[in-house]
Structures are given as structure tokens and as C-alpha cells.
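The chain contents come next:
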Amino acid sequence: MSSSKMPGWKSLPIGAAIINPPTSLEYKTGTWRTFRPVIDQEKCVRCRLCWAYCPDGAVMELEKEYVTKSGRKYSITYEINYEYCKGCGVCARECPVKAITMVEEGG
Amino acid sequence: MRIEIRWHGRGGQGAVTAADLYAQAAIMQGYYAQAFPEFGAERRGAPVRAFTRIDTESFIHDRYPIEEPDIVVVLDPMLARDPMIIQGLKKNGLYIANSKLSPSELAKIIGRTDINIKIIDATRIALEVLKRPIVNTAMLGAVAKLVPIVKLEYIEKSIQARFEARLAQLNLEVIRRAFKEVK
Amino acid sequence: MGKMVGLNGNYAIAYAVKAVGPDVIAAYPITPQTAIVEKLAEFVAQGELDAEYIHVESEHSAMSAIVGAAAAGARVFTATSSQGLGLMYEILFIASSLRLPAVMGLVTRAYSAPINIWCDHGDFMSAADTGWIQYMSTSNQEAYDAIIMAYRVSEDPRVLLPAMVSIDGFIQSHTVEPVKLEDDEEVRKFVPRRPREIRLDPDKPMTLGALGDPNWYYEFKMQQQVAMEESRRVFDEVASEFAKKFGRSYGAIDTFMTEDAEAIIVTMGSTAGTFRVAVEKIRKEGAKVGLITIKLYRPFPRDDIVKILSNAKVVGIAERDLFFGAAYPGYLFNDVATSLYLANVRTKLAGFIFGLGGRALRFSEAYEITKKVWSFAKGEAEIPKKPIFVGVRE
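Residues numbered from 1 in each chain as written. Chains lettered and ligands numbered in written order. Predicted model: local features only at pLDDT ≥ 70, side-chain atom pairs only at ≥ 80, totals over all residues. Heavy atoms only, no water.

Enquirer: Any chance you could explain a nonpolar patch on the surface here in plain terms?
Expert: Side chains of A:V38, A:Y82 and A:V103 sit close together on the surface and give an oily, nonpolar patch of about 190 Å² of accessible area. Note on placement: A:V38 falls in strand β1 (residues 35–39). (Patch = residues over 30% accessible without salt bridge, like charges linked within 9 Å, V, L, I, M, F, W, Y side chains within 5 Å. Areas by Shrake-Rupley, 256 points an atom, 1.4 Å probe, with all protein chains shown as cover. Salt bridge = Lys/Arg side-chain N within 4 Å of Asp/Glu carboxyl O. Helix = DSSP H or I, 4+ residues; strand = E, 2+ residues; numbered from the N terminus.)

Next up, the structure:
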């Protein structure tokens, strides 16, 4: 994969330093998924466990209001960042109220 | 001019420190000197050897144990009776021992007549002044008297640089007494 | 204007480090090095040195702390010997690969087993592949001066590599001899602080020590190799500036009576002094023998030795290590042989191994080695293909 277009030893920062973090944002891993987690906002109790467990930081905690059909009001909402979510499913597994389902990606 | 001294004692008597202090004094006087112990794990009571080389003119490049010393100094009266102690001591070399014997008695025991034997009762001086049998500074006093290379005043300076004031004062007393009493 | 004092090698290094003024010292005690860091701890405790002294539970941790502190831009120091260096081993590569200008005092000691606390060069030589610059001193003054120069060379932006400065265990570390101590202020002027662009800084975040996959790793090794080669030029500049400022001049090698020498001894470390005296003696007997002492082992001063050795008939390489299973079982021999081969010089080589585990090289033995090399030069004896093991019992 090493290509002549990549920077060579004369121009790279020394010591393998990555001087402009976070470069991992440039590396989109969302295409790796077979199953996609989908959060049912009605069932979600905003416990934050999915956010804590996600190994890729792909669960976003948004300051976005949500009111359930039964009238319960939340000031935050959890959503999945599908650009980076690898579909590992740990969020679905850990969710205490089974609000996350893994849905097959449509080819 | 080069002189080489080998010091013998038992761990705790201060042979290594004596070799060091004597070299420090020589350096203060403007000479080149080298002092080193026979390298090992230190154990109180075990036989210890240390070495001092002094050169009045140039840096000492030699890095090996002294095998044919000009002077042997023995800090321990029991070791002083061991003929192995003076192994390699040059003919007409100087043997300074901590002993209650006379030079002729000691000569008979170690069986050499071609060397110059001098005696100092360093244990007595140390016990009287320091109240402890640490005899190295007494031996330094004897060396100061018998070896006219490093002056007494520089040996005293090296003592003052090493010990805190009270201990330095006691050791200076030891040195001056040994300087007078060596025979 | 500095002062002349009697100091053992450990203290000479401690005083040099104090003069340079590190920010962080992390070390674990080990004979015969302990007195270096004891003295530094004392300097810190008494307020004579403003540094963080980190007590660690092993040499592995000591070197790790050094890497962390140096990565944050600190000036750092550690010291060790034999097994301690061995325990640091994996982190040594990290320090050099992250291009951290750490300085280490290495007091040479034989590797176990059997357990042995005395001098040989097995630890120093076997660390020659870790990417550290390596200086080996022959006197306590040289050790003091080498520490000062090492910081200056390592922190140069053209270099940024760690360095180890060695003294021989006991033979230097526990030997008192005159050392000229320069004024700390003058030393600090000679080794000014150079802020590094690449360092861990919360205000300007960057990543150090990340993965370098096959697409990237190779390039960083190339940079290291170039920096190692470049460090030699920087060393020469620093040494010449040091000579101007402090009046003592050093080269990557030291030569003694080599001008017309037909046989030349090449050696390293404190025993060079004994060989020097042996060469003086054999010269008086009419034998044209000279001496080269390698002071800078990495990067190896190949051009310097080639220039001198190409006029000799025989080179006697006397070293205090064993390079088990190598083409020739001595590290120094391999370096000398390669240097000469690359320059198309075919001076004959004779190897001597001595002093393993602190076995003293007596003067008579050093003299015998010089005599032997001279007899090879005169063609009176065949040079063996294997080293001559000096002083070993059969």
C-alpha cells in the first residue's frame, strides 16, 4: 500500500509524531458494518451505557429534546454516528431496556 | 616521582577511607593521585585492601592493582603478623603497621629483614580519642610523619573537608598524636 | 574558574549532571552505579539542584519515566549497570525511536550469571544496537566532560537521539582521582535549553508513540539512521567548542604514538591507560607500537581509525566483552574489521579478550599483549584466527 505519493522520510515529522491530531477522524470505519444499531427513542431511558461502552466513540450524546408518546420529556438524545460505527453490537447487548436493535445493512 | 601505597585492614577500620583521604590530600597539594579499593562487596570484619598512587609530575594512566608497592600500611594488628601482607613490597620498602610489638619483633614474625618496619599503636590512640577502634586516621598520622611527600597540613585539610567539625577535630587530634608517637 | 577536586567516577558524573541541570531524574539503584543517583538525590534534597527525582520500582520503570518526561520536553537523566540496563532494554529502543535526547550514566558491569558486580563491557557493547549514541570514557575527567558534551550533542535539532556515557565499574566508579569541576553557570551556558518543537503539550496536542504500520515504519528508521550518522559531525563541532571554552579537547578516538607505528593496539575504556603505559615501555625497547582508544563507540568512528590503521602492519584489538557466536566473538573486532574492509585496507587483525567479570588486567599482561602484537608485526608468530583469551585458566 506504500505509495510514492505518501510523504517520505525527509518530510515526515521525526519520532513518528502525529502533530495534527485527531487524524483518526479522517479514517471512516462506517463501511465495515454488517449490522447497524438502531435506537428506539421511545424505549431509551437515557442511561448513557451505550455511549460509555462504544469502543469507537460512535454514540453521540446530543442536546436535543425528545418527548415520548406517554409524555415523558428528555433534554438529551443518543444517536449513532454511522460514519464511524463498525457495527460491533456491544451497545445493543448492554442496553438494559433493549432499546437498540441490530438491523442488517441493505446491500 | 611516583609512589604506590597498599593499605590493608578489615571492613570497618577505614582502610578505603584512608587511601581516599591520602589521595585527596595529595590532590589538594597539587599532585596527581589515584585511590581505589580492592573492589568487592563490603563486609564488616572481612580483610580489605585499598591502593593509593601518587605522582608529583603527571597524570596517572595506570589502571591495575598495585602488586609491588613502595609502602604497605596495615591497620589491623592481627593482619600485621601475616607474612602474605607484605607480598611484593619492594626491597627497602616501608612497612607501617598498627601493632603493640617492636619493629624487630614484627620483623622476626614476618621474616623479612630487607624492609623498613615502623610501628604505631593506632588502636590505643583511636580508643583513647575516638572511643572506637577506627584506626585509619591514626595510620594517616604515621604516614604523614614517615613519607615526606604529602604534607601533614594537607592531610589535615582533607580530614576537615570530609568530616563534620566535631569529628574532624577529634581525628586531627588522632593524627597529631600518631605523628608524634610513630616509631 | 572551576576547581580541581578528588572525585570518584560516580561523583564525577553526578557533578556533571548537576552542572547541566536536568528537570527529571528517574533511577533505580544498582551496584556499582548507585552512588551516582544517591549523590543526585542528595543535591535535590539539599536544594542544590532543582529537579524532580522520581523513585521507581525497577529500571524498566525508570526508563519509562525518562521517556515520558523527555516526551514532555524535559531534560532528563538516569543511570544504571548490567542487569539494570537489561531490564531497560525494550524502552531503550523507544527512547531512541521517539527521538528523545535523554542522557544515561552507564557504569559498566558484567551480566549475570554467575552473579558478578565487577567491570566488563558486556552491558555497554550489547546495547550498541539500541540507537543510542555511546561514549566510553577512560578517566573521571573525561566522564564529567562527556556528560556535558552528550547533552549538547543529543539536544541538537540535527540529532535528537539519546546518549549513554560510560565509566568502568569500580575501576573508575570507585577510584578517586583529580577532576576539574567547571562552574555550573559556565556549563549551563555551554548547554543552553533548546525548546523542542515535537513534545507533549496540553496546549498543542499531538500523538507520540502511535502505531507505525508497514506503510510508515521504515521511513522513521531511515530518519534515525541519518540522525545517527549526522550526530558525528555535531559531536566534532561540540567537542571543538568545548575545547575552546574549557581547554580540554576530545576526539571520537584518542591516539598515542601511532605516527610511525607498525603495530597498533585498539581498545576501549579505563584499561586504555594501562596499555598506554605498556606502549611507552615497549617503545623504549625499540618496538614501533601505538595505541588507539575508541571514545565514541556509536556512531563508530570508522574513517578516523582507517586513516591511522592503514599504515600499520598489524592491529591488535583488545576488548573486555564477548560477542557470542558472531563472525568473530568480540564487538570491537567486528567494527574494526568492517571499517577496514570497506576502505579496502587489509591490515592484519589479532583479537584479545580480557578482564571479563572484573578480572584485573595486570600490567605484565597488558605488556605481553603489546609484545605479542609487535611479534605479529615482525612476522615472528602466526596470527590466530580466534581471539587470545588473556588471563583465563585452562
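Enquirer: In this structure, what is going on with the side chain of C:Q141? I would like to understand it.
Expert: Structurally, the position occupied by C:Q141 is in helix α6 (residues 140–154). Beyond its immediate sequence surroundings of up to four residues, C:Q141 is in contact with C:E177, C:P178, C:V179, C:K180, C:R248 and C:Y250. (Contact = heavy atoms within 4.5 Å.)

Enquirer: Looking at this structure, how should I read the packing of aromatic side chains?
Expert: Describing an aromatic ring pair means giving the distance of the ring centres and the angle of the ring planes. Throughout the structure, instances matching the rule amount to 18 aromatic pairs over all chains. With centroids separated by 5.9 Å and ring planes inclined at 45 degrees, the aromatic side chains of C:Y135 and C:F235 adopt a geometry described as tilted. Taken together, the positions of C:Y135 in strand β6 (residues 133–136) and C:F235 in helix α8 (residues 217–246) put the pair 100 residues apart, joining distant regions of the chain. You can call C:Y135 buried: its relative accessible area is 4%. Here the aromatic residues C:F190, C:F242, C:F246 and C:Y250 are joined through ring pairs into a cluster of three or more. Seen from the ring of A:W51, A:R48 lies directly overhead, with NZ or CZ sitting 5.0 Å from the centre. Directly above the ring of C:Y367 sits C:K281, whose terminal nitrogen or CZ lies 4.9 Å from the centroid. (Phe/Tyr/Trp six-rings, centres within 6.5 Å; stacked < 30°, edge-to-face > 60°. Buried < 20%, exposed > 50% of the residue type's maximum accessible area, 1.4 Å probe, protein only. Lys NZ or Arg CZ within 6 Å of the ring centre and 35° of its normal.)

Enquirer: How do you make sense of the pairing of strand β4 (residues 76–80) of chain C when you look at a structure like this?
Expert: Where a strand is regular, its side chains alternate between the two sheet faces. Residues and elements named next belong to chain C. The element β4 is extensively covered by neighbouring structure, given that five of its five residues are classed as buried. Burial along β4 is two-sided: the face carrying V76, T78 and T80 and the face carrying F77 and A79 are both buried. Pairing analysis gives two bridges linking strand β2 (residues 24–27) to β4, with the strands arranged parallel. Note on β4: the bridge partner recorded for I25 is F77. (Pairing = 2+ DSSP bridges.)

Enquirer: What's the story with the nonpolar core in this structure? I'm lost.
Expert: Side chains that are nonpolar tend, in soluble globular proteins, to be buried together. All names here are of chain C. Counting 56 residues, the largest nonpolar core has V266, I294, Y297, L332 and V336 as the members making the most contacts within it. Considering every element that reaches this core, the biggest residue donor is helix α3 (residues 59–71), with eight residues. Not counting residues up to four positions away in its chain, the partners in contact with V336 are V266, F300, I305, L309, I317 and L349. Judged by nonpolar contacts, the second largest core, of 53 residues, contains A14, V103, L181 and L296. (Core = buried A, V, L, I, M, F, W, Y, C linked by side-chain atoms within 4.5 Å.)

Enquirer: Please clarify how the arrangement of the chains should be interpreted in this entry.
Expert: The chain pair with the greatest number of contacts, out of two pairs of chains in contact, is formed by chains B and C. Spatially, chain A and chain B are disjoint, and the shortest separation between their C-alpha atoms is 41 Å.

Enquirer: Sorry, what's going on with the pattern of salt bridges here?
Expert: A side chain with one charge may pair with a side chain of the opposite charge, provided their charged atoms come close. All chains considered together, the criterion is met by 46 salt bridges over all chains. The partner of B:R10 in a salt bridge is B:D76, with the nearest N and O atoms 3.3 Å apart. Highlighted residues: B:R10 in strand β1 (residues 2–10) and B:D76 in the loop between β4 (71–74) and β5 (94–98), separated in sequence by 66 residues. Residue B:R10 is classed as partly exposed on the basis of its relative accessible area, which comes to 27%. Under the relative-accessibility criterion, B:D76 is labelled buried at 7%. Two residues, C:D304 and C:R232, come together in a salt bridge whose shortest N-O distance is 2.8 Å. Of this pair, C:D304 sits in helix α10 (residues 302–309) while C:R232 sits in helix α8, and the two are 72 residues apart along the sequence. Residues joined in a network through salt bridges with shared partners are B:K100, B:D121, B:R124, B:E128, B:R177 and B:E181.

Enquirer: Quick question: what am I supposed to make of the interface of chain C and chain A here?
Expert: Interfaces are often sized by the amount of accessible area the parts lose when they come together. Every contact between the two is made by 17 residues of chain C and, on the other side, 15 residues of chain A. For the chain C and chain A pair, buried surface summed over both sides reaches about 1,600 Å², with 72% attributable to carbon and sulfur atoms. Inspection of the chain C/chain A interface yields zero salt bridges. Taken together, the connections running from chain C to chain A amount to three residue pairs in polar contact (both at pLDDT 80 or more). Per-element tally for the side of chain C that touches chain A: the top contributor is α8(C), with five residues. When the residues that make up the side of chain C that touches chain A are grouped by side-chain class, the tally is eleven nonpolar, four polar and two charged. (Buried area = accessible area lost by both parts, 1.4 Å probe. Polar contact = N/O pair within 3.5 Å; in protein donor to acceptor, adjacent residues only side chain to side chain. Nonpolar A, V, L, I, M, F, W, Y, C, P; charged D, E, K, R; others polar.)

Enquirer: Sorry, what's going on with the interface of chain C and chain B here?
Expert: Across the contact, 23 residues belong to chain C and 19 residues belong to chain B. With both chains or domains summed, chain C and chain B bury close to 1,800 Å², and 62% of this area falls on carbon and sulfur atoms. Taken together, chain C and chain B are joined by two salt bridges. With a shortest N-O distance of 3.0 Å, B:R63 and C:E177 are connected by a salt bridge. At the boundary of chain C and chain B, one finds seven residue pairs in polar contact (both at pLDDT 80 or more). Those elements that place two or more of their residues in the side of chain C that touches chain B are β1 (3–7), β8 (177–181) and α9 (272–284) of chain C. No other element matches the four residues that α9(C) contributes to the side of chain C that touches chain B. The residue inventory of the side of chain C that touches chain B, partitioned by class, reads twelve nonpolar, eight polar and three charged.

Enquirer: What is the right way to look at the state of the cysteines in this model?
Expert: Residue and element names in this part refer to chain A. Per the counting criterion, the structure on display carries zero disulfides over all chains. Take C44: it sits in no disulfide, and the sulfur closest to it among the cysteines is that of C50, at 6.3 Å. Taking the relative accessible area as the measure of exposure, C44 reaches 10% and is therefore buried. (Disulfide = S-S within 2.5 Å.)

Enquirer: Honestly, the environment of C:R359 in this entry has me stumped. Any pointers?
Expert: Residue and element names in this part refer to chain C. Tracing the sequence through the fold places R359 in the loop between β14 (348–353) and α12 (363–377). Expressed as a C-alpha distance, the spacing of R359 and C119, which sit 240 residues apart in the sequence, is 8.0 Å. What R359 contacts, discounting residues up to four positions off in sequence, is R320, G391, V392 and R393. Engagement of the side chain of R359 in a polar contact is seen with the backbone oxygen of G391, the distance being 2.7 Å.

Enquirer: I tried to follow the packing of helix α3 (residues 122–129) of chain B against helix α6 (residues 165–181) of chain B on my own but got confused; where do I start?
Expert: Residues and elements named next belong to chain B. Running from N to C, α3 and α6 cross one another at 145 degrees; their axes reach a closest spacing of 10 Å. Between α3 and α6 the crossing geometry is right-handed. Contacts between α3 and α6 involve R124, I125, E128 and V129 on the former and, on the latter, L170, E173, V174, R177, A178 and E181. When grouped by side-chain class, the residues that make up the contact of α3 with α6 number five nonpolar, no polar and five charged. (Axes fitted to C-alpha atoms, helices over the stretch in contact; angles between N-to-C directions. Left-handed = near helix turned anticlockwise from the far one by under 90°.)

All we've got here are geometric facts, nothing functional implied.
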